[in-house]
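What follows is each chain in one-letter form.
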Amino acid sequence: MNDLLEHAKLTEDTSAASDASDASDATQATTLSPSVKQAEKIAYENNKLHKRLCRLTGQAIGDYNMIEDGDKIMVCLSGGKDSYALLDILLTLRERAPINFDIIAVNLDQKQPNFPADILPAYLEKLGVAYHIENQDTYSIVKRVVPEGKTTCALCSRLRRGILYRVATELGATKIALGHHRDDILETFFLNMFFGGKLKGMPPKLQSDDGKQIVIRPLAYVKEADLTRYAEVKEFPIIPCDLCGSQENLQRKQIKGLMREWEKKYPGRVDNIFASLSTAAPSHLMDRNLFDFANLKATGIADADGDIAFDEDPCATSNPTAQNVISLHPAD
Ligand code: SF4
């Protein structure tokens, strides 16, 4: 799959050259009317956005070896902006990829009231992509089992997951692709830490609960804001996600607010936190299952990655970035 990454990079390089030429074209456009110039500027920005999404997705796919030659990728399509973008970008990358892989889009119609069942088939037919609509009335099950006023998402997600795993097996899919993005990963990380007491995020690639499938998240490096804008640009026929009547998860909303606040007050902090998820140092945490502290002995051999006896207190440094990382509360 590194082939695909290399190809994405090459495409990006070529794109950078074309960006430069686009920019020079834009400079020459000074004689054009303001409305034409504005339209050209918007087209230029949209093109850049598409290239960025393809590059970041290709990079995540390559870094985690998500897609291999001969794979059949089942793309889960909910009707939300993220899954539309995922399908769209994977189709673009497949066209450019030096390897062969199949894509099949799957939507689970959970029989929520007023679900517009014709939208996705019409969209997919127009796109010419293979698809399957799985009809399963999980909505009634959830309404029957979960007491009124309690959140329904946990049971609903569990049911959905089981169905999608089964469908993947029936369709002969080798990977299940989900549309979770960078912000989903960060929010889940903080939710687990703040409310679950666990240092646990949402991995870009994992084995399904039943051990039969590999689940991938090719948008792992992509920011939600970019996906929101891309959905507007592409005019995806979005299906609202509140048809089930479930209330928004307040804890997740709280974390989203916290991240928004950080981004505004301390630009770069969220990027740093995201980077830290892929640079963990088990010997510098406290999980005895990840590092054998009990049998740790002095070897007499210097370790470049070891502790500098007593690590510097980052708060005491004049490095503003370090101070930002330590301060967790938006009001700090
Ligand atoms: S918001 Fe509704 S459809 Fe989505 S997981 Fe929760 S209960 Fe299910």
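Residues numbered from 1 in each chain as written. Predicted model: local features only at pLDDT ≥ 70, side-chain atom pairs only at ≥ 80, totals over all residues.

### A word on the overall build of the chain
(1) Moving on: Of regular secondary structure, the chain possesses 11 helices and 6 strands.
(2) Moving on: When the 332 residues of the chain are sorted by exposure, 23% land in the buried category.
(3) Moving on: A fraction of 78% describes how many contacts in the chain between residues 6 or more apart in sequence connect residues 24 or more apart. (Helix = DSSP H or I, 4+ residues; strand = E, 2+ residues; numbered from the N terminus. Buried ≥ 20, exposed ≤ 12 C-beta atoms within 10 Å, placed from the backbone. Contact = placed C-beta atoms within 7 Å.)

### Concerning the pairing of strand β3 (residues 131-135)
(1) Moving on: Two elements, strand β2 (residues 102-109) and β3, share 5 bridges in a ladder whose sense is parallel. Following the sheet pairing, Leu108 is matched in β3 by Glu134.
(2) Moving on: Regarding topology, helix α4 (residues 119-127) serves as the crossover connection from β2 to the parallel β3, and that connection is right-handed. (Pairing = 2+ DSSP bridges. Right-handed = clockwise from strand over helix to strand, strands pointing away.)

### Concerning the pairing of strand β1 (residues 72-76)
(1) Moving on: The buried fraction of β1 is high, at 4 of 5 residues.
(2) Moving on: Pairing between β1 and β2: 5 bridges, direction parallel. By the bridge assignment, Met74 is partnered in β2 with Ile104.
(3) Moving on: Tracing the backbone out of β1, into helix α3 (residues 81-96) and back to the parallel element β2 gives a crossover that is right-handed.

### Description of the site of the ligand
(1) Moving on: The ligand sits among Thr152, Cys153, Cys156, Ser157, Cys244 and Ser246.
(2) Moving on: Across the shell around the ligand, the residue classes break down as 3 nonpolar, 3 polar and no charged. (Near = placed C-beta within 6 Å. Nonpolar A, V, L, I, M, F, W, Y, C, P; charged D, E, K, R; others polar.)

### So, helix α5 (residues 138-145)
Note: α-helices contain 3.6 residues per turn, so residues at a spacing of three or four share the same orientation.
(1) Moving on: Listing the buried residues of α5 in full gives Thr138, Tyr139 and Val142. An end-on view of α5 places all buried positions within 105° of arc, on one side of the element. Across α5 from its buried face, at more than 90 degrees, point the exposed residues Ser140 and Arg144.
(2) Moving on: Contacts made by the buried residues of α5 are with α6 (153-171). (Arc of directions from axis to C-beta.)

### Points about the sheet that holds β3
The pairing of strands in a sheet comes from backbone hydrogen bonds and takes either a parallel or an antiparallel form.
(1) Moving on: Strands sit in the order β3-β2-β1-β4-β6-β5 across an open sheet of 6 strands; the sheet is mixed. The open sheet terminates on both sides in strands that have one partner only, identified here as β3 and β5 (205-207). This sheet shows a mean twist of 25° between the axes of neighbouring strands, independent of strand direction.
(2) Moving on: By the bridge criterion, 3 bridges tie strand β4 (residues 175-177) to strand β6 (residues 214-216) in an arrangement that is parallel. Bridging across to β6, Ala177 finds its partner in Ile216. (Axes fitted to C-alpha atoms, helices over the stretch in contact; angles between N-to-C directions.)

### Considering the UniProt feature "short sequence motif: PP-loop motif" (unreviewed entry) in the chain
(1) Moving on: Residues annotated in UniProt with the feature "short sequence motif: PP-loop motif" (unreviewed entry) correspond here to residues 78-83.
(2) Moving on: Measuring from the first to the last C-alpha atom of residues 78-83 gives 6 Å, for a span that is 50% helix and 0% strand. (UniProt positions renumbered as here; feature names shortened; annotations may be inferred.)

### Quick look at unusual backbone geometry
(1) Moving on: Even without being glycine, Asn65 reaches a positive phi, approximately 45°.
(2) Moving on: Relative to the helices and strands, Asn65 is located in the loop between α2 (34-63) and β1.
(3) Moving on: Even without glycine at this site, Asn114 takes up a positive phi of about 65°.
(4) Moving on: Secondary-structure assignment places Asn114 in the loop between β2 and α4.
(5) Moving on: Exposure remark for Asn114: the 8 C-beta atoms within 10 Å place this residue in the exposed category.

### Considering the packing of α2 against helix α8 (residues 224-234)
(1) Moving on: The N-to-C vectors of α2 and α8 enclose an angle of 125°; their axes lie 11 Å apart at closest approach. As summarised for this structure, α2 and α8 are arranged oblique, according to the angle between their axes. As for how α2 packs across α8, the hand of that crossing is left-handed. Contact residues: α2 offers Asn46, Leu49, Arg52 and Leu53, while α8 offers Asp226, Arg229, Tyr230 and Val233. (Parallel < 35°, antiparallel > 145°, perpendicular 65-115°, else oblique. Left-handed = near helix turned anticlockwise from the far one by under 90°.)

### Some points on the UniProt feature "binding site: [4Fe-4S] cluster" (unreviewed entry) in the chain
(1) Moving on: Taking the UniProt record as the reference, the feature "binding site: [4Fe-4S] cluster" (unreviewed entry) is found at Cys153, Cys156 and Cys244. The named residues occupy 92 residues along the chain; their greatest pairwise C-alpha distance, 9.9 Å, places them in one compact cluster.
(2) Moving on: Looking at the secondary structure, you find Cys156 in helix α6.
(3) Moving on: Residue Cys156 is classed as buried on the basis of its 20 C-beta neighbours within 10 Å.

### A word on the packing of α2 against α3
Between two packed helices, the angle of one axis relative to the other and the distance separating the axes together describe the packing.
(1) Moving on: Look at α2 against α3: their axes get within 10 Å of each other, and the N-to-C directions meet at 80°. If you check the angle between α2 and α3, you find them roughly perpendicular. Residue-level contacts link Leu53, Cys54, Thr57 and Gly58 of α2 to Ala85, Ile89, Thr92 and Leu93 of α3.
(2) Moving on: Grouping the amino acids of the contact of α2 with α3 by side-chain chemistry returns 5 nonpolar, 3 polar and no charged.

### Looking at the nonpolar core
(1) Moving on: Met74, Val75, Cys76, Leu90, Ile176 and Ala177 are the most contacted members of the largest nonpolar core, which has 42 residues in total.
(2) Moving on: Per-element tally for this core: the top contributor is α3, with 7 residues.
(3) Moving on: Apart from the residues lying within four places of it in its own chain, the contact partners of Val75 are Leu86, Leu87, Leu90, Ile103, Ala105, Val106 and Ala177. (Core = buried A, V, L, I, M, F, W, Y, C linked by C-beta atoms within 7 Å.)

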